[in-house]
Amino acid sequence: MAGALSHIRICDFTGQLAGAGATKWLAAFGAEVIRIEDPVKEGRWDILRATPPFVDDRRGVDFGGGFNNHNTDKKGITLNLRTDKGKQILTEIIKKSDAVTENFAAGVLEKWGFGYADLKRIKADIVYVSNCGFGHNGPYSSFKTWGPIVQAISGLTFSSGLPGQPPAGWGYSYMDHTGGYYMAMAIMLALLERDNSGRGQWVDLACTDAGLSLNGPALLDWTVNQRPMRQSEGIDSNRSQFAPMAPHGIYPCSGEDEWIAIACRDDQEWLKLTEVMENNQQTSPRTSWCRDYDEMKYRLDHQDELDKKLAGWTRQQEKFSLQEDLRQARIPVGAVQKPQERIDQDPTTAKAGLWPTITHSKMGQVRVDGMPVQFSRTPWQMNHGGPCLGEHTEQVLTELLHKSPDEVAQLKEEGVI
Amino acid sequence: MSVLHGVRVIELASERIAFAGKLLGDMGADVILLEPVQGEPSRSYPPFVDDQPGDNRSLYFLHYNTSKRSVILDLDTKPGRAAFKKLIATSDILLESEPIDRLSALNLDYDDLIKFQPSLIHVAVTPYGRSEVLSDLPVTDLTLMASAGPPWSCGYDDHSLPPVRGWGQQGYHTGCHYAFMSILTALLHRNGSGQGQFIDISMTAALNVTTEAGTYAWLVSGATVQRQTGRHAAVKPTGESQIRCADGRYVNTGVPPRFPEEFEKLLAWFKQIGLADDFPETVFLEMGATWEGPFDLSKIGEDEAITAIFSAGRQALIMIAQAISAYDFFIGCQNAGLSVGIIYSPEEAFEDEHFKARGFPVEVVHDDLERTVTYPGAPYQLPASPWSISRRAPHLGEHTHEVLAQL
């Protein structure tokens, strides 16, 4: 079945997650994504090619679990761009592509002779999206980043933590995922512009710009009220930053490292919470301490002691049964789910088809991240795993560029592919 | 004129999807926010202009509703529904986060609306998707995030401290990112085919697939990551990478050196600061600087030389960080080709010369406040179709007459 983007071909140099995540979306909706990799370095610029997790004891550039996850349904070819013939073949691919995408450090593609001016000479309406940490302009444009560095620079690491503690950060590359989302948006926005006006363009995407834009109200509090987020008392990001809510936090449950998030948006939800406490306690009627906290303002002003008291109760409760009780009472609640709980035991993710099993040419059947969206007319599809190194070189050269098998063999012998 | 000029979006006001409407509006779409007569509740969220609560003073609302117009429309009344249908007939996109059965009960769901606009793109963004009754339970950014994975990976080495949810409504943002990507995909499809469609987005699913190795370590190898202070949650504990510098601020030391040229530059800088003589493992830095062949990171823990060299690189970075200020560490390391970062607060980043040079802060005229306000700017720079805030957030019902009169 034709996908929403089946008419699009991408000449793709992206890797890691911040780049590969963008073209994964396009491929899931039918775009033909052709990954170009270096045969000399075995594509190891993308370190995920050979890093854990692994499905079994096999190691090497075709066995990285993260690479497979981020590169589903893409084609992979090898091309040695140090050679003139390699550059010629790349030129032929660009001529037949709608967009060129990359997330190298600033200026790398230009150094190889494929900067935007070159790309435009090859194909006048080409869309070129570069994605690097600091962009191609500005004092830090030569600096390098990866997800946690982007998060550190853009304020997102700082704003995640508990008082009296160093920043907690995100515990994963939130801004590699999200940088990939912004890259996918940028590619599609530029393709829409080309549909409108016939013009291509170079989008200079900087992940730190995207990251910084995710702090909107805090930045306005700074520019309008001169209130900095860096304050001596530190921050508690489990509390509500905007709408007044209390209690609002992550509380311990029975067992080891079991937690639950609870939020009360108003006095009614608090009263309902105290009723649940009363029912679960069985020993005492609604305890007198609860009554002290019946007004939101009081709860907001006394969150430390409220949290302590509430935690004393939640600590005796089993996480999922408490979640069920609070759902029944229509109080905002969410058990802190471990990976195995949300992936294998939460019926909502399985029902949504969120973990499709794809076939990787060497790893076999592997589950990957699917897409959290259902399109009625052009659903996403995931069938094949990330390409092994050079898996589609011959196919792309013969089918797209009409090279003969002899020519392909010759190129291989000359070290071009 | 930006790329989405001429695309009309109807947004049924909800704090969960406000950001998706902003992403559309700032790229030129005509976003019409439909509000109940009492207004969208987030109009009253702090912080406020000059810390004074009041109408049109919520900085939260001002941020999330740039480039939109506001129309008061009550779908529970017959005239309201009639106007809504007329409005849909002039629109390209419906963006909503309503209770799952509300629109069908009003005969205003996708199947009803395509009678008025056959190529409509209808996007529903709900906590668990349109087919789950759980979607109608009350949720907040915090509870969504907890269920969907991010806090499990985020927090401290000390597991008696709770897992942490990052600030800034990032749970809502993630659902909105998927909504915007979906809309752009559907528009590209509609350009060729003339067809619209219904798109069902689950906010928890969106977060579930935004947790990196937290998910795929389990999918691939059945392993569970554990949270660690200021660095990636991991299956096996990893070395610390967040260091407090001499000025009390923190840095992230990033990926330690892994190429000979990186070891070489680090060694030179290490010597320049005068630390090399105090570090017993300088010899391993020298080995790293002269390493030949591939430096295979997957052999850490197996190959003794690679393990020792990698560990010496990390230790050397920590020593430097503790000796100088966070900013000097950031600049010095980056000049040595190492990917490290200073941990800025949002306002510190906003004031940094780099973002100013890129034109990130933008001015928006507030006729209502009699001043110009500086806003965070473009997440991406499209020279042929620029991002811009075309108007300040609308007052409640400010455009009711001008929009409805055109129908």
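Calculation notes
- Residues numbered from 1 in each chain as written.
- Chains lettered and ligands numbered in written order.
- Predicted model: local features only at pLDDT ≥ 70, side-chain atom pairs only at ≥ 80, totals over all residues.
- Heavy atoms only, no water.
- Helix = DSSP H or I, 4+ residues; strand = E, 2+ residues; numbered from the N terminus.
- Buried < 20%, exposed > 50% of the residue type's maximum accessible area, 1.4 Å probe, protein only.
- Contact = heavy atoms within 4.5 Å.
- Areas by Shrake-Rupley, 256 points an atom, 1.4 Å probe, with all protein chains shown as cover.
- Domains from an automatic or database assignment.
- Pairing = 2+ DSSP bridges.
- Axes fitted to C-alpha atoms, helices over the stretch in contact; angles between N-to-C directions.
- Salt bridge = Lys/Arg side-chain N within 4 Å of Asp/Glu carboxyl O.
- Expected span 1.5 Å × (residues − 1).
- Polar contact = N/O pair within 3.5 Å; in protein donor to acceptor, adjacent residues only side chain to side chain.
- Core = buried A, V, L, I, M, F, W, Y, C linked by side-chain atoms within 4.5 Å.

**Looking at the overall build of chain B**
Part 1 of the reasoning: Summing up its helical and strand segments, chain B has 16 helices and 13 strands in all.
Part 2 of the reasoning: When its C-alpha atoms are laid out on the principal axes, chain B stretches across 80 × 50 × 45 Å.
Part 3 of the reasoning: Counting the 407 residues in chain B, one finds 65% classified as buried.
Part 4 of the reasoning: Within chain B, counting contacts between residues at least 6 apart in sequence, those at least 24 apart form 67% of the total.

**Observations concerning the overall build of chain A**
Part 1 of the reasoning: Within chain A one finds 18 helices and 12 strands.
Part 2 of the reasoning: Projected onto its principal axes, the C-alpha coordinates of chain A cover approximately 85 × 50 × 40 Å.
Part 3 of the reasoning: Split into buried and exposed, the 417 residues of chain A put 63% on the buried side.
Part 4 of the reasoning: Considering only contacts in chain A between residues 6 or more positions apart, those separated by 24 or more positions represent 67%.
Part 5 of the reasoning: Surface accessibility of chain A: about 15,200 Å² in total, with carbon and sulfur atoms responsible for 48%.

**Overview of the domain arrangement of chain A**
Part 1 of the reasoning: Segmentation of chain A into domains returns domain 1 (9–212 + 350–413) and domain 2 (259–335).
Part 2 of the reasoning: Between the C-alpha centres of domain 1 of chain A and domain 2 of chain A the distance comes to 46 Å.

**Examining the sheet that holds strand 11 (residues 341–342) of chain B**
Residue and element names in this part refer to chain B.
Part 1 of the reasoning: An order of 9-10-11 is seen for the 3 strands of this open sheet, with the pairing classed as antiparallel. On the outer flanks of this sheet lie strand 9 (242–244) and strand 11, each paired with one strand and no other.
Part 2 of the reasoning: In this sheet, strand 11 lies alongside strand 10 (residues 250–252) in antiparallel orientation, the contact comprising 2 bridges. Its bridge partner being in strand 11, V251 is matched across the sheet by I342.
Part 3 of the reasoning: Each of strand 9 and strand 10 is contacted by helix 12 (residues 304–323), which is oriented at about 30° to strand 9, the strand it contacts most.

**Quick notes on the pairing of strand 5 (residues 127–132) of chain A**
Residues and elements named next belong to chain A.
Part 1 of the reasoning: With 6 of its 6 residues buried, strand 5 lies for the most part within the structure.
Part 2 of the reasoning: Burial of strand 5 is two-sided: the residues V127, V129 and N131 facing one way and the residues Y128, S130 and C132 facing the other way are all buried.
Part 3 of the reasoning: Alignment of strand 4 (residues 99–102) against strand 5, held across 4 bridges, turns out to be parallel. In the sheet register, V100 faces strand 5, and the bridge partner there is Y128.
Part 4 of the reasoning: Across 6 bridges, the pairing between strand 5 and strand 6 (residues 201–206) is parallel. Note that in strand 6 the partner of Y128 across the bridge is W202.

**Here we look at the sheet that holds strand 9 (residues 333–335) of chain A**
Part 1 of the reasoning: Here we have 3 strands laid out as an open sheet, ordered 7-8-9 (chain A), and antiparallel in their pairing. The sheet is open, and its two edges are formed by strand 7 (248–252) and strand 9 of chain A, each paired on a single side. Across this sheet, the average inter-strand angle for adjacent strands is 20°, counted without regard to direction.
Part 2 of the reasoning: In this structure, strand 8 (residues 259–263) of chain A lies alongside strand 9 of chain A, joined through 3 bridges in antiparallel fashion. Its bridge partner lying in strand 9 of chain A, A261(A) is registered against G334(A).
Part 3 of the reasoning: On top of the sheet, helix 13 (residues 303–314) of chain A reaches strand 7 and strand 8 of chain A; it is set at about 40° to strand 7 of chain A, its chief contact.
Part 4 of the reasoning: With respect to the sheet, helix 6 (residues 141–148) of chain B is in contact with strand 7, strand 8 and strand 9 of chain A, its orientation differing from that of strand 9 of chain A by roughly 20°.

**A closer look at the pattern of salt bridges**
Part 1 of the reasoning: Tallying each qualifying case throughout the model produces 55 salt bridges over all chains.
Part 2 of the reasoning: Here K297(A) makes a salt bridge to D301(A), at a shortest N to O gap of 2.7 Å. Here K297(A) and its partner D301(A) are both found in helix 12 (residues 296–301), 4 residues apart, which amounts to about one turn of the helix.
Part 3 of the reasoning: The salt bridge involving R102(B) is made with D76(B); its shortest N-O contact spans 3.3 Å. Remark: D76(B) occurs in the loop between strand 3 (68–72) and helix 3 (78–89) and R102(B) occurs in helix 4 (residues 102–105); sequence separation between them is 26 residues.
Part 4 of the reasoning: Linked by salt bridges that have partners in common, R35(A), E37(A), D46(A), R49(A), D62(A) and K362(A) make up one network.

**Section: the environment of G313(B)**
Residue and element names in this part refer to chain B.
Part 1 of the reasoning: Structurally, G313 is set in helix 12.
Part 2 of the reasoning: With a relative accessible area of 0%, G313 lands in the buried category.
Part 3 of the reasoning: Separated by 32 residues in sequence, G313 and E281 place their C-alpha atoms 9.0 Å apart.
Part 4 of the reasoning: In this structure G313 touches P257, F263, L266 and L285, once residues within four positions along its chain are discounted.

**Considering helix 12 of chain B**
All names here are of chain B.
Part 1 of the reasoning: Compared with an ideal rise of 1.5 Å per residue, which puts 20 residues at 28 Å, helix 12 spans 29 Å between its outermost C-alpha atoms and is within 8% of the ideal.
Part 2 of the reasoning: Within the span of helix 12, buried status applies to I306, A308, I309, F310, A312, G313, R314, A316, L317, I318, I320 and A321.
Part 3 of the reasoning: Against the buried residues of helix 12 lie strand 9, strand 10, helix 10 (260–273), helix 11 (282–289) and helix 13 (326–335).
Part 4 of the reasoning: Near the N-terminus of helix 12, the side chain that reaches the backbone nitrogen of A305, with its oxygen 3.0 Å away, is that of D303.

**Side note on the nonpolar core**
Part 1 of the reasoning: Counting 123 residues, the largest nonpolar core has L4(B), Y178(B), F180(B) and Y380(B) as its most contacted members.
Part 2 of the reasoning: Of the residues forming this core, the biggest block, 14 residues, is contributed by helix 7 (residues 174–197) of chain A.
Part 3 of the reasoning: What Y380(B) contacts, discounting residues up to four positions off in sequence, is Y182(A), M185(A), A186(A), L189(A), V203(A), L205(A), L23(B), M27(B), F180(B) and W387(B).
Part 4 of the reasoning: Counting 44 residues, the second largest nonpolar core, distinct from the first, contains A289(B), I320(B), F330(B) and I342(B).

**A closer look at helix 9 (residues 216–225) of chain A**
Part 1 of the reasoning: Counting buried positions over the 10 residues of helix 9 of chain A gives 8, a clear majority of the element.
Part 2 of the reasoning: By the burial criterion, the buried members of helix 9 of chain A are G216(A), P217(A), A218(A), L219(A), L220(A), D221(A), V224(A) and N225(A).
Part 3 of the reasoning: Against helix 8 (207–212) of chain A together with helix 2 (59–64), helix 14 (346–351) and strand 13 (371–375) of chain B lie the buried residues of helix 9 of chain A.
Part 4 of the reasoning: Phi turns positive one or two residues past the end of helix 9 of chain A, at Q226(A), with a value near 55°.

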